[in-house]
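Okay, here's what each chain looks like letter by letter:
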Amino acid sequence: MSQTPAISSFRRIVVKVGSSLLVDQTAGGLKREWLEGLAEDIADLHQGGRDVLVVSSGAIALGRAVLGLPRGPLKLEEAQGAAAVGQIALARAWSEVLGARFMTAGQVLVTLQDTEERRRYLNARSTIDKLIEWRAVPVVNENDTVATSEIRYGDNDRLAARVATMMSADLLVLLSDIDGLYDKPPAPGNDARLVPVVSRITAEIEAMAGISASELSRGGMVTKIEAGKIATTAGTHMVIASGRVDHPLKRIAEGAPCTWFLTPANPVTARKKWIAGSLEPRGAIHIDAGAVRALRGGASLLPAGVTKIEGAFGRGDAVVVRGPDGAEIGRGLVAYDADDAEKIRGRSSADVLSILGFTGRTEMIHRDDLALANE
């Protein structure tokens, strides 16, 4: 792709907003007018049929302001306490600005393990999928009240990239206090030039990254490049653009200076490649001929088509799917533990509640979690 794409051409967009954009460093309060402008941009995309997700920082900074804590480094328990207070203020702000534009905000708090451990990954993705189905706007943040220094992301750039790949977004927007990647750290008097397009993240591109000077932001250009690796490997385009302007998404659409990180893949093919080749299968699911035809026609695998369960897999594990003759049809992430899968195999999805005692997934393997052989 030689030309930079139009932001309106994407189907699902994740917008990451940092603390330094949301919080006034002097007064300590929310930059309400700026947030209102961003909400208008989101509304324009949303009304145009796009799925929009927000990854928002700001809980600790807002909590610090509400509690009147002094400036300077916080101990872990102090940061967690500030986040507990600030998260309420942050969620309320997003709910108000989106609600004023006829959108419903849904708060989603995640930790690193929620996107790394497959069982929790499926739970988080299913929740966000349901919010999107309801045309709500998921507002995601790292759960600073419980994340420890050992397991936390440490910055929301990489969190945003993980969320974008988890949700098969085709665009990740990192709104920053700088308008993109420069060939060297920009400083007064030097001739640093903005790099408008990065077709592939090379060692040269990585060497261009500088260090963040923002007091409120935990990220810097280094973490943005790392986010770019995560995103583009999974088939998600990424753009870094300035958030220190009114209506930042509109400005990107109008051609404001920014840096696009492009990928030749797309989220669906990249995800299925990962399922097919990167995960060790923990078992096998045998299916009948009718289910084979349904899968090859683009359907999900339902319990009714399953004839045999092999292995001791858990929910979220990768399994091999085999046809009536034992040949491998594909591989996928299973939505049930092996014991529960055995109980509901061959049965209608409507029977799951009466058999298991809880309402499980309609599908044994969702089509988005299934990579067919020779696909």
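Note that the structure is predicted; figures quoted are calculated from it, not measured. (Residues numbered from 1 in each chain as written. Predicted model: local features only at pLDDT ≥ 70, side-chain atom pairs only at ≥ 80, totals over all residues. Heavy atoms only, no water.)

**Some points on the packing of aromatic side chains**
Working step 1: A full pass over the atoms with the stated rule returns 1 aromatic pair.
Working step 2: A centroid spacing of 6.1 Å and a plane angle of 20° characterise the contact between phenylalanine 10 and tryptophan 260, whose relative ring orientation is stacked. Separated by 250 residues along the polypeptide, phenylalanine 10 in the segment before β1 (12-17) and tryptophan 260 in strand β8 (residues 258-261) bring together distant segments of the chain.
Working step 3: Taking the relative accessible area as the measure of exposure, phenylalanine 10 reaches 6% and is therefore buried. (Phe/Tyr/Trp six-rings, centres within 6.5 Å; stacked < 30°, edge-to-face > 60°. Helix = DSSP H or I, 4+ residues; strand = E, 2+ residues; numbered from the N terminus. Buried < 20%, exposed > 50% of the residue type's maximum accessible area, 1.4 Å probe, protein only.)

**Section: unusual backbone geometry**
Working step 1: At phenylalanine 102, a position not held by glycine, the phi torsion is positive, near 65°.
Working step 2: If you trace the backbone, phenylalanine 102 turns up in the loop between α4 (76-99) and β3 (105-110).
Working step 3: The backbone of arginine 135 shows a phi angle near 65°, a positive value even though the residue is not glycine.
Working step 4: Relative to the assigned elements, arginine 135 resides in the loop between α6 (118-133) and β4 (137-142).
Working step 5: A residue is classified by how much of its surface remains accessible, and arginine 135, at 31% relative accessible area, is partly exposed.

**Comments concerning the pattern of salt bridges**
Working step 1: One pass over the structure, following the stated rule, counts 19 salt bridges.
Working step 2: The partner of aspartate 157 in a salt bridge is lysine 224, with the nearest N and O atoms 3.1 Å apart. Of this pair, aspartate 157 sits in helix α7 (residues 156-166) while lysine 224 sits in helix α9 (residues 221-233), placing them 67 residues apart in sequence. The burial state of aspartate 157 is the same as that of lysine 224; both residues are buried.
Working step 3: Two residues, aspartate 183 and arginine 193, come together in a salt bridge whose shortest N-O distance is 3.4 Å. (Salt bridge = Lys/Arg side-chain N within 4 Å of Asp/Glu carboxyl O.)

**Comments concerning the nonpolar core**
Working step 1: If you look at the biggest cluster of nonpolar residues, it comprises 43 residues, and the most contacted ones within it are Val17, Trp94, Val173, Leu175 and Leu249.
Working step 2: Excluding residues that lie within four positions of it along the chain, tryptophan 94 makes contacts with Val17, Leu22, Leu35, Leu38, Ile42, Val54, Ser56, Gly99, Ala105 and Val139.
Working step 3: Counting 38 residues, the second-largest nonpolar core is a separate cluster that includes Leu53, Tyr121, Ala136 and Ala209. (Core = buried A, V, L, I, M, F, W, Y, C linked by side-chain atoms within 4.5 Å. Contact = heavy atoms within 4.5 Å.)

**Digging into the sheet that holds strand β5 (residues 171-176)**
Working step 1: Strands sit in the order β3-β4-β2-β1-β5-β7-β8-β6 across an open sheet of 8 strands; the sheet is mixed. Single-partner strands in this sheet number two, and they are β3 and β6 (197-198).
Working step 2: Against the sheet, α9 makes contact with β5, β7 (237-242) and β8, and its axis sits at roughly 155° relative to β7, the strand it touches most. (Pairing = 2+ DSSP bridges. Axes fitted to C-alpha atoms, helices over the stretch in contact; angles between N-to-C directions.)

**Digging into the confidence of the model for the protein**
Working step 1: Per-residue confidence for the protein averages 88 on the pLDDT scale, and 94% of its residues sit at or above 70.
Working step 2: Counted against residues more than four places away or in other chains, residues 211-219, with its pLDDT under 50, gives 22 contacts. (pLDDT = per-residue confidence, 0-100.)

**Overview of the pairing of strand β12 (residues 328-333)**
Working step 1: Across 5 bridges, strand β11 (residues 318-322) lies against β12 in antiparallel orientation. Across the sheet, arginine 322 pairs through a bridge with glutamate 328, a residue of β12.
Working step 2: Between β11 and the antiparallel strand that follows it, β12, lie 5 residues; glycine 326 among them carries a positive phi value of about 90°.
Working step 3: Strand direction decides the pairing type here: β12 and strand β13 (residues 370-372), joined by 3 bridges, are antiparallel. Bridge pairing in β13 links glycine 332 to leucine 370.

**Focus: the sheet that holds β11**
Working step 1: Read from one edge to the other, the open sheet built from 5 strands follows the order β10-β9-β11-β12-β13, with strand pairing classed as mixed. With partners counted over all chains shown, the strands left at the sheet margins are β10 (306-311) and β13, one partner each. Put simply, the sheet's adjacent strands are angled 20° from each other on average, direction ignored.
Working step 2: The strands touched by helix α12 (residues 289-296) are β9 (283-287), β11, β12 and β13; relative to β9, the strand with the most contacts, the crossing angle is about 105°.

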